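These are the residues of each chain, in order.
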Amino acid sequence: GAKPASASQTRARLVASARGPEPKPAARAAIPAGAFSVQVGASQSLVEAQRIAAKFKTRHPHIVTSEVSGKGRWYRVRLGVFSSRADAGRYLRDSGLKGFVTASR
């Protein structure tokens, strides 16, 4: 049988995937400064980021577009908007999801 793809193989596949159109920036503008979110995935393909976000539909994901120096455009899939790093960390821990806490902007 086929072996599951390693993290580096998956990352390489994501990097090689085609870029899609820009997501709508309105969702990002609604996130207050100083807020935190839980990032559960990222891709250079908007279509792939939307696929990841669909897995978390009941948790109301949002996609943040970022230009990464030397690495191009990335679409980051994030959950929640929390007023503190501790609140976001508690959500991540209690949810049992794999991800990390990050500043929302």
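Each chain has its residues counted from 1, following the order in which its sequence is written. Reporting in this predicted model follows two pLDDT cut-offs: at least 70 for local features of residues, and 80 or more for side-chain atom pairs to be given and counted; totals over whole chains, interfaces and linings ignore these cut-offs and use all residues. Each side-chain value is derived from all of the structure's non-hydrogen atoms; neither hydrogens nor water enter the calculation.

Asks: Explain unusual backbone geometry to me, please; I cannot follow it from the model alone.
Replies: When glycine is set aside, most residues are seen to have a negative phi, and most peptide bonds are trans. The backbone of histidine 60 sits at a positive phi, close to 55°, despite the residue not being glycine. Where helices and strands are cited, they refer to DSSP runs of H or I of at least four residues and of E of at least two residues respectively, numbered from the N terminus. When you line up the elements, histidine 60 lands in the loop between helix 3 (46-55) and strand 2 (61-68). Burial classes: relative accessible area under 20% of the type maximum marks a residue as buried, over 50% as exposed, and values in between as partly exposed (1.4 Å probe, protein chains only). The exposure class assigned to histidine 60 is exposed, which follows from its relative accessible area of 63%.

Asks: Help me understand the nonpolar core, please; the structure alone is not making it clear to me.
Replies: One recurring pattern in soluble globular proteins: nonpolar side chains tend to sit buried together. Residues belong to a common nonpolar core when they are buried Ala, Val, Leu, Ile, Met, Phe, Trp, Tyr or Cys residues joined through side-chain atoms within 4.5 Å. The biggest cluster of nonpolar side chains holds 16 residues, and the ones touching the most others in it are Val38, Val40, Ile63, Val77, Ala88 and Val101. Among the elements of the structure, strand 1 (36-43), helix 3, strand 3 (72-82) and helix 4 (85-95) are those that each provide at least two residues to this core. If near-sequence neighbours (up to four positions away) are discounted, alanine 88 is found in contact with Phe36, Ser37, Val38, Phe82 and Val101. Working rule for contacts: check all heavy atoms of both residues, and any pair within 4.5 Å makes them a contact.

Asks: Help me out: how do you make sense of the packing of aromatic side chains in this one?
Replies: Two descriptors summarise a pair of aromatic rings, namely the distance from one centre to the other and the angle between the planes of the rings. When two rings of Phe, Tyr or Trp (its six-membered ring) have centres within 6.5 Å they constitute a pair, described as stacked for plane angles under 30 degrees, edge-to-face for angles over 60, and tilted for the intermediate range. For the structure shown, the criterion picks out 1 aromatic pair. Taking the centre distance of 5.1 Å and the plane angle of 40° together, the rings of phenylalanine 82 and tyrosine 91 count as tilted.

Asks: Where do I start with the environment of threonine 102 in this structure?
Replies: Looking at the secondary structure, you find threonine 102 in strand 4 (residues 100-103). Residues threonine 102 and valine 38 lie 64 residues apart in sequence; the distance between their C-alpha atoms is 6.2 Å. Aside from chain neighbours lying at most four places away, what touches threonine 102 is Ala35, Phe36, Ser37, Gln39 and Arg78.

Asks: Mind showing me how you'd approach the side chain of serine 66 here?
Replies: Within the secondary structure, serine 66 sits in strand 2. Among the residues examined, serine 66 registers a relative accessible area of 13% and is labelled buried. Only 3.3 Å separates the side chain of serine 66 from the side chain of arginine 76, close enough to count as a polar contact. If near-sequence neighbours (up to four positions away) are discounted, serine 66 is found in contact with Gly72, Arg73, Trp74 and Arg76. Two N or O atoms form a polar contact when they lie within 3.5 Å of each other; inside protein one atom must be a possible hydrogen donor and the other a possible acceptor, and for residues adjacent in sequence the pair counts only when both atoms belong to side chains.

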